[in-house]
6 protein chains.
Amino acid sequence: MTTIAVINPNTTASMTATIAHAARLVAGADTEIVPITSSMGPASIEGYYDEAFAVPGLLYELTLAERDGAQAAIIACFDDTGLDAARAMLSIPVIGICEAAMVTAAFIAKRFTVVTTMERSRVPIEELAHRYGMAARARIRAADVPVLSLEDPNSDARQKLRAEIGRAIADDRAEAIVLGCAGMADLVKSFSAEFGLPVIDGVGAAVKHAEALVALGLRTSKQGPYAPPLAKRYDGALAQFAPA
Amino acid sequence: MTTIAVINPNTTASMTATIAHAARLVAGADTEIVPITSSMGPASIEGYYDEAFAVPGLLYELTLAERDGAQAAIIACFDDTGLDAARAMLSIPVIGICEAAMVTAAFIAKRFTVVTTMERSRVPIEELAHRYGMAARARIRAADVPVLSLEDPNSDARQKLRAEIGRAIADDRAEAIVLGCAGMADLVKSFSAEFGLPVIDGVGAAVKHAEALVALGLRTSKQGPYAPPLAKRYDGALAQFAPA
Amino acid sequence: MTTIAVINPNTTASMTATIAHAARLVAGADTEIVPITSSMGPASIEGYYDEAFAVPGLLYELTLAERDGAQAAIIACFDDTGLDAARAMLSIPVIGICEAAMVTAAFIAKRFTVVTTMERSRVPIEELAHRYGMAARARIRAADVPVLSLEDPNSDARQKLRAEIGRAIADDRAEAIVLGCAGMADLVKSFSAEFGLPVIDGVGAAVKHAEALVALGLRTSKQGPYAPPLAKRYDGALAQFAPA
Amino acid sequence: MTTIAVINPNTTASMTATIAHAARLVAGADTEIVPITSSMGPASIEGYYDEAFAVPGLLYELTLAERDGAQAAIIACFDDTGLDAARAMLSIPVIGICEAAMVTAAFIAKRFTVVTTMERSRVPIEELAHRYGMAARARIRAADVPVLSLEDPNSDARQKLRAEIGRAIADDRAEAIVLGCAGMADLVKSFSAEFGLPVIDGVGAAVKHAEALVALGLRTSKQGPYAPPLAKRYDGALAQFAPA
Amino acid sequence: MTTIAVINPNTTASMTATIAHAARLVAGADTEIVPITSSMGPASIEGYYDEAFAVPGLLYELTLAERDGAQAAIIACFDDTGLDAARAMLSIPVIGICEAAMVTAAFIAKRFTVVTTMERSRVPIEELAHRYGMAARARIRAADVPVLSLEDPNSDARQKLRAEIGRAIADDRAEAIVLGCAGMADLVKSFSAEFGLPVIDGVGAAVKHAEALVALGLRTSKQGPYAPPLAKRYDGALAQFAPA
Amino acid sequence: MTTIAVINPNTTASMTATIAHAARLVAGADTEIVPITSSMGPASIEGYYDEAFAVPGLLYELTLAERDGAQAAIIACFDDTGLDAARAMLSIPVIGICEAAMVTAAFIAKRFTVVTTMERSRVPIEELAHRYGMAARARIRAADVPVLSLEDPNSDARQKLRAEIGRAIADDRAEAIVLGCAGMADLVKSFSAEFGLPVIDGVGAAVKHAEALVALGLRTSKQGPYAPPLAKRYDGALAQFAPA
């Protein structure tokens with residue numbers, strides 16, 4: 001049995017349900033998905049500020065999850081919020097859904113386009129693409145849909161995403177599409193069928209990478225930048241959430 | 001049941017046994033590993049020339065494997081020999097062990113070192129690192145051991161590899177080690193224990209990535225560079241191995 | 001009168017005193033330096049985890065400082081902790097001391113070396129160099145001195161830094177040295193005299209860049225990734241520190 | 001007398017005639033051009049798969065040509081098919097027409113556009129541009145013309161190429177045009193006159209580079225990745241074409 | 001008192017007046033701006049040739065300025081004409097307005113667009129962006145206005161610049177605009193107000209960077225590429241302008 | 001008959017003789033080499049300042065050479081002094097010896113090392129390598145020999161160069177050596193024999209590239225950055241050397 005903690009660093013439980021559903025859809029028979037909604041931070045992560053405020057809650061929850069026996073952790077926000085800090089904090093491997101999705105896309109396409117939610121998230125994802133060595137392969141587009149509108153069946157979010165995917169195919173000559181938000185995880189099948197090319201969701205991709213690392217017996221290296229935090233004093237309201 | 005064809009493009013059957021063993025060690029309960037030894041090409045791949053002569057046999061075998069029901073294919077040579085051609089030829093996803101190993105290392109370490117066999121393979125692997133977006137993260141070292149000496153229990157290959165890993169840790173400050181040859185697949189456990197940091201073998205990593213792509217229902221995009229070969233005349237001794 | 005808030009995201013007040021002294025040494029006659037010690041987070045920032053836990057306190061203090069009339073803000077930690085989030089949150093310009101130091105070094109040298117505290121901070125600063133377009137020009141070295149040992153007159157920190165600078169000059173052919181920690185701000189003069197080449201401290205450099213932006217009437221662009229946070233619900237212990 | 005073998009790795013003899021004509025047009029008075037049509041492989045090379053199947057025949061022919069006294073060799077396919085393998089196999093210098101054309105363009109223009117045949121070849125040529133250090137200078141466009149249509153006087157290939165060159169000048173602000181297929185070698189003069197800017201054909205460029213290397217007494221370095229293949233067993237249908 | 005020499009390497013005095021005005025507008029109370037019009041070279045610098053002919057006069061004037069007590073120097077041409085030579089020649093710090101403007105833009109925006117005068121200057125500024133580590137962040141556009149038309153109140157230069165800025169915002173999603181010519185220094189305020197985003201002029205930015213370097217006590221490193229010229233014979237008409 | 005002007009931008013005639021000899025050694029039977037010693041500028045070019053002072057004389061001489069019928073021009077200084085300006089000024093193609101040497105090395109080796117004269121020239125040549133797309137392939141070393149010592153049979157220059165080449169082979173694993181100064185052109189043969197790997201001199205390489213461009217009928221593109229200088233006023237001592 002492999003236990004994978006999947007944290008939604010947005011504090012919106014309905015989004016966690018979407019994420020958990022997508023995770024379980026692809027998880028192996030022996031994998032238990034443990035979905036977690038962060039209880040500290042913004043209702044939705046849209047930009048650098050929200051990211052920063054989401055991280056301590058995310059780290060705290062992941063620390064608990066590791067103590068409770070999780071063998072791998074997934075951060076289910078396409079900004080890969082707090083990924084490096086989580087890797088330093090935990091011993092178990094940690095996967096971000098942006099890195100997972102891009103790596104997966106790169107196995108089946110030379111050039112792909114990420115379609116994300118809001119314009120303000122476009123450049124941050126371009127920076128991630130650069131960091132993951134995908135700058136020459138990935139184009140990033142924003143469909144101008146707020147994150148939480150993806151949870152709203154009456155919004156025009158799906159329609160806007162469709163239009164942007166159409167532009168990606170026509171103008172970028174995208175060979176594959178990456179869905180750039182955890183809240184889009186349920187759209188893989190329909191979009192893939194509609195557009196006739198691979199559509200990749202980071203949540204599903206991350207589940208498989210997490211299972212892989214566990215099966216391979218690999219954990220985050222503790223030599224260098226991911227060395228565990230040194231024991232020290234933490235002050236203020238966050239101190240209670242810091243490592244003992 | 002997931003069927004994964006694992007081809008050894010070196011025509012040396014004992015190496016295929018090592019590879020098959022490593023693959024089965026990490027494969028899921030529902031995964032069938034189908035090991036294939038290429039029957040056309042060099043006994044071992046050491047440099048650009050050997051690579052080129054190994055590819056047609058490799059493509060031919062993989063075409064047969066796909067017809068026989070394989071759902072994913074792995075090219076078990078660290079040069080990722082013929083990877084792009086195989087992706088264009090087949091519909092099922094194809095994984096190279098170099099790309100698989102580097103991607104896996106990048107999930108658990110910022111900087112890692114590949115230890116490969118011979119000096120002549122060092123620059124080709126540097127080129128792969130560049131292509132996979134890992135140029136700033138991966139260092140490549142050669143231990144000066146011929147590929148087939150890895151099959152020989154009396155050679156000093158293990159000792160030379162050990163020495164080179166030691167230099168990688170001391171001089172490159174490597175956070176993880178990638179074994180740069182399919183023939184080293186059985187050394188992961190002992191080296192990992194000996195050096196106290198993650199050691200990654202591409203064969204195992206590729207098996208998990210292949211399983212992941214199958215589980216996610218993803219196949220190589222046929223838009224753009226991986227479009228299937230056009231029907232045309234093929235001449236000469238290879239014609240019988242070309243697509244009908 | 002130009003008012004510049006200088007926040008020490010480490011919660012150690014003695015370090016703030018060092019920083020404030022270095023800032024005032026170079027500030028213009030019309031500049032008021034307002035030093036702030038963050039009250040929430042780790043006593044010293046050493047690695048990704050500490051960074052993450054320091055950011056919410058830092059953002060909260062900077063929000064107060066802007067309300068109180070600061071015209072520019074400096075984040076006095078060489079990891080440029082929380083820089084993007086602060087730029088998104090605030091209207092006034094925000095300067096990180098790593099970016100400020102590297103930019104300043106680049107005006108007077110083609111190649112320079114950063115000497116930072118601990119090995120675990122080396123790769124994060126390499127990543128910053130990459131992000132600031134300095135990857136080909138900056139080398140990063142760690143002297144293996146804990147951040148707080150810089151505050152301790154009895155430690156061997158100065159000696160270790162000196163040795164590392166010597167290696168940077170001999171081995172990297174460094175044309176200038178950047179001190180890679182806010183806590184080293186008082187060493188500029190003596191090291192510059194001792195080694196006979198420019199030595200740059202990020203705190204001083206950031207003060208001058210902050211004054212410059214104020215004088216030029218420039219504020220962070222609110223188009224794109226630094227657009228102000230959207231109004232939304234924030235949950236948990238941090239909610240009280242989030243924007244109203 | 002300098003003897004240069006020019007191999008067409010497409011097995012189509014009429015294309016070889018076009019190539020030979022272009023080569024002789026620019027060859028020095030003392031240069032003998034020896035055109036060779038590969039007898040093993042695809043009738044035309046369009047994509048990764050065709051490339052892979054063309055290489056063994058190409059290497060075999062070049063080995064014979066070297067034995068027969070050729071002092072340099074040219075691979076007349078814009079994918080630079082098998083270039084690294086040929087350099088490892090032979091002692092005489094080997095030139096690919098893509099590398100030759102890009103290097104030549106770079107002597108007379110800062111930015112240039114390659115116009116190639118089919119969309120599936122666009123990304124492979126982008127990868128070559130990256131490998132040759134031209135990523136920031138070269139744009140690649142496909143005119144959607146099959147390779148063999150260039151041999152057909154009734155096709156609309158020329159018209160499509162013209163239209164694409166027009167877009168390159170208008171949209172890319174191309175300073176020069178590189179013709180991205182050996183089969184276009186006869187169009188240099190007319191396109192250059194029509195568009196009023198330098199038009200470069202790789203075959204001609206490669207002839208002059210080959211002459212240059214012979215005149216300079218330079219041969220492929222045998223230190224490192226181009227070291228000659230090691231003696232070993234080759235199996236199967238290709239064994240008869242491998243080095244003795 | 002800080003004395004900053006600002007040289008206009010164009011020999012057009014009216015442009016120097018525009019530059020001097022812009023410089024004084026942002027200079028500190030204690031800063032004396034010493035504007036210099038080069039007496040040797042082209043009336044306006046438009047392209048590589050003009051640059052080359054402007055440099056000796058520029059170097060000669062800056063040498064005199066340093067002898068007369070200038071503590072920093074600014075080269076007020078957006079090509080950063082002669083910047084490296086001036087840094088090698090002088091002991092005082094030297095700032096180019098392109099580098100100053102880009103560095104300043106990077107403190108307040110992730111992505112920005114430079115709007116310069118003529119198409120022939122576009123690629124040279126792209127090269128500078130690359131050299132300053134800004135290739136991924138800066139787009140360069142030319143408005144097709146001759147440099148000296150900026151001095152002519154009856155020209156349509158302003159209108160053309162406005163149109164190009166509009167395109168930069170719509171098509172590049174520019175977060176900030178950099179004015180790509182010293183002769184545009186007086187347009188900052190009006191364009192900034194009109195377009196509602198930061199507009200940066202290199203002259204003003206350079207003044208503040210120059211003041212900063214003086215306040216920090218930093219001078220160009222004389223280790224390595226900026227080592228002072230060796231004593232040697234200089235021949236011909238320029239000899240009288242060379243270092244004694 | 002092809003006439004190639006080879007200008008030595010150093011004003012030292014004995015160096016021109018070395019250059020002319022090297023050029024004629026490899027020139028075709030139909031090529032006339034016209035060696036020119038610049039009469040304006042430094043006796044030797046060692047660093048950015050000397051470069052800047054050498055350019056106007058170089059441009060003037062090349063303008064005269066073009067008027068006198070030269071069909072191509074070579075700038076025989078390894079800094080590629082004034083290359084872009086010359087390309088803009090002239091219609092005939094212009095070749096720099098650094099670009100020519102690197103391009104030639106890249107045809108026969110994956111990795112090579114440039115051995116130049118003085119440490120102050122190392123970083124400028126690194127910048128050229130970057131500009132020519134060779135940053136990942138070329139290492140630059142300085143042997144600490146003044147340029148004019150190469151003309152002095154009693155100096156230890158040859159010995160120092162030999163030692164540095166030895167280090168390049170041992171430490172860089174150089175596959176080929178590029179001689180990084182026009183004054184070393186006569187050392188190709190002996191060093192190549194001594195070290196057993198290709199040694200490349202830029203003067204010879206440039207002659208062959210110049211012949212190639214003439215034979216191909218290619219001239220510098222006049223679209224974009226190399227557009228001819230606009231008619232305008234030039235002031236001061238240089239005015240007499242500027243275009244009419």
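Residues numbered from 1 in each chain as written. Chains lettered and ligands numbered in written order. Predicted model: local features only at pLDDT ≥ 70, side-chain atom pairs only at ≥ 80, totals over all residues. Heavy atoms only, no water.

A.B. asks: Please clarify how the sheet that holds strand 6 (residues 112–116) of chain A should be interpreted in this entry.
C.D. replies: Two orientations exist for strands paired in a sheet by backbone hydrogen bonds: parallel and antiparallel. Residues and elements named next belong to chain A. Spatially, four strands are ordered 7-6-8-9 in an open sheet, and the strand pairing comes out parallel. On the outer flanks of this sheet lie strand 7 (138–142) and strand 9 (199–201), each paired with one strand and no other. Averaged over all neighbouring strand pairs, the angle between strand axes comes to 25°, with direction disregarded. In this sheet, strand 8 (residues 176–180) lies alongside strand 6 in parallel orientation, the contact comprising five bridges. Across the sheet, Phe 112 pairs through a bridge with Ala 176, a residue of strand 8. (Pairing = 2+ DSSP bridges. Helix = DSSP H or I, 4+ residues; strand = E, 2+ residues; numbered from the N terminus. Axes fitted to C-alpha atoms, helices over the stretch in contact; angles between N-to-C directions.)

A.B. asks: It is not clear to me how the relation of the copies chain D and chain A should be interpreted in this structure. Could you clarify?
C.D. replies: In this structure, two copies of a chain are linked by a rotation about an axis accompanied by a shift along it. Between the two copies, chain D and chain A, the superposition gives an RMSD of 0.0 Å; the rotation angle is 120° and the shift along the axis is 0.0 Å. A rotation of that kind, with that shift, is consistent with a three-fold axis. Of every C-alpha in chain D, the one belonging to Ala136(D) sits nearest the axis of rotation, 6.4 Å from it. (Least-squares fit on C-alpha atoms with pLDDT ≥ 70 in both.)

A.B. asks: Could you clarify how one ought to interpret the domain arrangement of chain A in this entry?
C.D. replies: How large an interface is tends to be reported as the accessible area lost when its parts come together. All names here are of chain A. Entries for chain A in the domain assignment read domain 1 (2–97 + 204–241) and domain 2 (98–201). Averaged C-alpha coordinates put domain 1 and domain 2 at centres separated by 22 Å. At the junction of the two partners, domain 1 supplies 27 residues and domain 2 supplies 30 residues. Between domain 1 and domain 2, roughly 2,100 Å² of surface is buried when both sides are summed, and carbon and sulfur atoms account for 59% of that area. (Domains from an automatic or database assignment. Contact = heavy atoms within 4.5 Å. Buried area = accessible area lost by both parts, 1.4 Å probe.)

A.B. asks: Would you mind going over the pairing of strand 8 (residues 176–180) of chain C with me for this structure?
C.D. replies: Look at any regular strand and the pattern is simple: side chains alternate between the two faces of the sheet. Residues and elements named next belong to chain C. The buried fraction of strand 8 is high, at five of five residues. Because side chains alternate across strand 8, one face comprises the buried residues Ala 176, Val 178 and Gly 180, and the other comprises Ile 177 and Leu 179, equally buried. Sheet analysis places strand 8 next to strand 9 (residues 199–201), joined by three bridges and oriented parallel. From the neighbouring strand, Val 178 faces strand 9, where its bridge partner is Ile 200. You can see the chain leave strand 8, run along helix 7 (residues 188–195) and come back into strand 9, and the turn it takes is right-handed. (Buried < 20%, exposed > 50% of the residue type's maximum accessible area, 1.4 Å probe, protein only. Right-handed = clockwise from strand over helix to strand, strands pointing away.)

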